[in-house]
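Letter by letter, the chains look like this.
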Amino acid sequence: MLYHASPLKHLALLEPKPTLSNNKNIGDYLFATPNKIMAMMYLVPLGVPTLMNPGAEKPNIVICSNKDEFKKVDKGGAIYELEGKGFTETPQKDLSQYEKVSKRLVKPISKTVYDSSLQAMSSTGIKIMFVTEKKFKELSGNLT
């Protein structure tokens, strides 16, 4: 079983999208993960920087925002369950333990809809931390 997160809650088919890796287009891919906790973390709205550790004893996510501002943009989404058939190893070798890819349209087996990514992550025991941009850069090692 694989999982795919999307802010779109009513997709009948999931399609590959152009993918950037290190600011270069590497092709059109649909991403999925065997780790449902990791999929949950991808419900965070696009554009909100995160650091994830889905494999920790206590999974956690660091979100570069304050909680009140985050809640304004948090519209939830859906976790789609997919068969693993047709998925292959990711072209992003450093992520191979976390993700699989498909170059084809995929019909989900089922889905779970969430009104809030915060509620979804909290319900599965993910520890959520909000930090300032300065602290986020320190944590990610991207000090300038």
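Structure: see above.
Rules and cut-offs
Residues numbered from 1 in each chain as written. Predicted model: local features only at pLDDT ≥ 70, side-chain atom pairs only at ≥ 80, totals over all residues. Heavy atoms only, no water. Pairing = 2+ DSSP bridges. Helix = DSSP H or I, 4+ residues; strand = E, 2+ residues; numbered from the N terminus. Axes fitted to C-alpha atoms, helices over the stretch in contact; angles between N-to-C directions. Contact = heavy atoms within 4.5 Å. Buried < 20%, exposed > 50% of the residue type's maximum accessible area, 1.4 Å probe, protein only. Core = buried A, V, L, I, M, F, W, Y, C linked by side-chain atoms within 4.5 Å.

Participant: I'd love a proper account of the sheet that holds strand β3 (residues 24–32), names of residues and values included.
Facilitator: Spatially, β2-β3-β8-β7 is the arrangement adopted by the four strands of the open sheet, whose pairing is antiparallel. Among the strands making up the open sheet, the edge pair consists of β2 (17–21) and β7 (88–89). Of the pairings in the sheet, the one linking β7 to strand β8 (residues 100–102) comprises two bridges and is antiparallel in character. Counterpart to T88 in the pairing with β8 is V101.

Participant: Mind laying out the sheet that holds strand β6 (residues 77–82), listing which residues take part and the relevant values?
Facilitator: One open sheet holds the three strands; their spatial order is β1-β6-β9, and the pairing between them is antiparallel. Only two strands of the sheet have a single neighbouring strand rather than two, namely β1 (2–6) and β9 (110–114). When strand polarity is set aside, the average angle formed by the axes of neighbouring strands in this sheet is 20°. Where β6 and β9 come together, five bridges link them in antiparallel fashion. Bridge pairing links Y80 to K111 in β9.

Participant: With reference to specific residues and values, describe the side chain of S65.
Facilitator: With respect to the helices and strands, S65 occurs in the loop between β5 (60–64) and α2 (67–73). In contact with S65, not counting residues within four places along its chain, are F70, F130 and V131.

Participant: I'd like a description of the pairing of strand β4 (residues 50–53), backed by residues and values.
Facilitator: By the bridge criterion, four bridges tie β4 to β5 in an arrangement that is antiparallel. Each residue of the ladder has a partner; that of N53, found in β5, is N60. Taking the residues that link successive antiparallel strands as the turn, the β4-β5 hairpin has six residues.

Participant: So what's going on with the environment of K137? Which residues, and what values?
Facilitator: Summarising the element assignment, K137 is placed in helix α4 (residues 133–140). For K137, a relative accessible area of 30% gives the class partly exposed. For the pair formed by K137 and C64, sequence separation is 73 residues and the distance between their alpha carbons is 9.0 Å.

Participant: I'd like a rundown of the nonpolar core, residues and numbers included.
Facilitator: Formed by 17 residues in total, the largest nonpolar core has its most connected members in M40, L43, V44, I61, I63, I79 and M121. The set of elements that each furnish at least two residues to this core consists of β1, α1 (36–41), β5 and α3 (117–123). Each residue touching L43, except ones within four places of it in the same chain, is listed here: A5, S6, G76, G77, A78, I79, Y114, S117 and A120. Ranked by size, the runner-up nonpolar core spans nine residues in total, among them L2, L14, A32 and F87.

It is worth stressing that arrangement in space is one thing and function is another; only the former is reported here.
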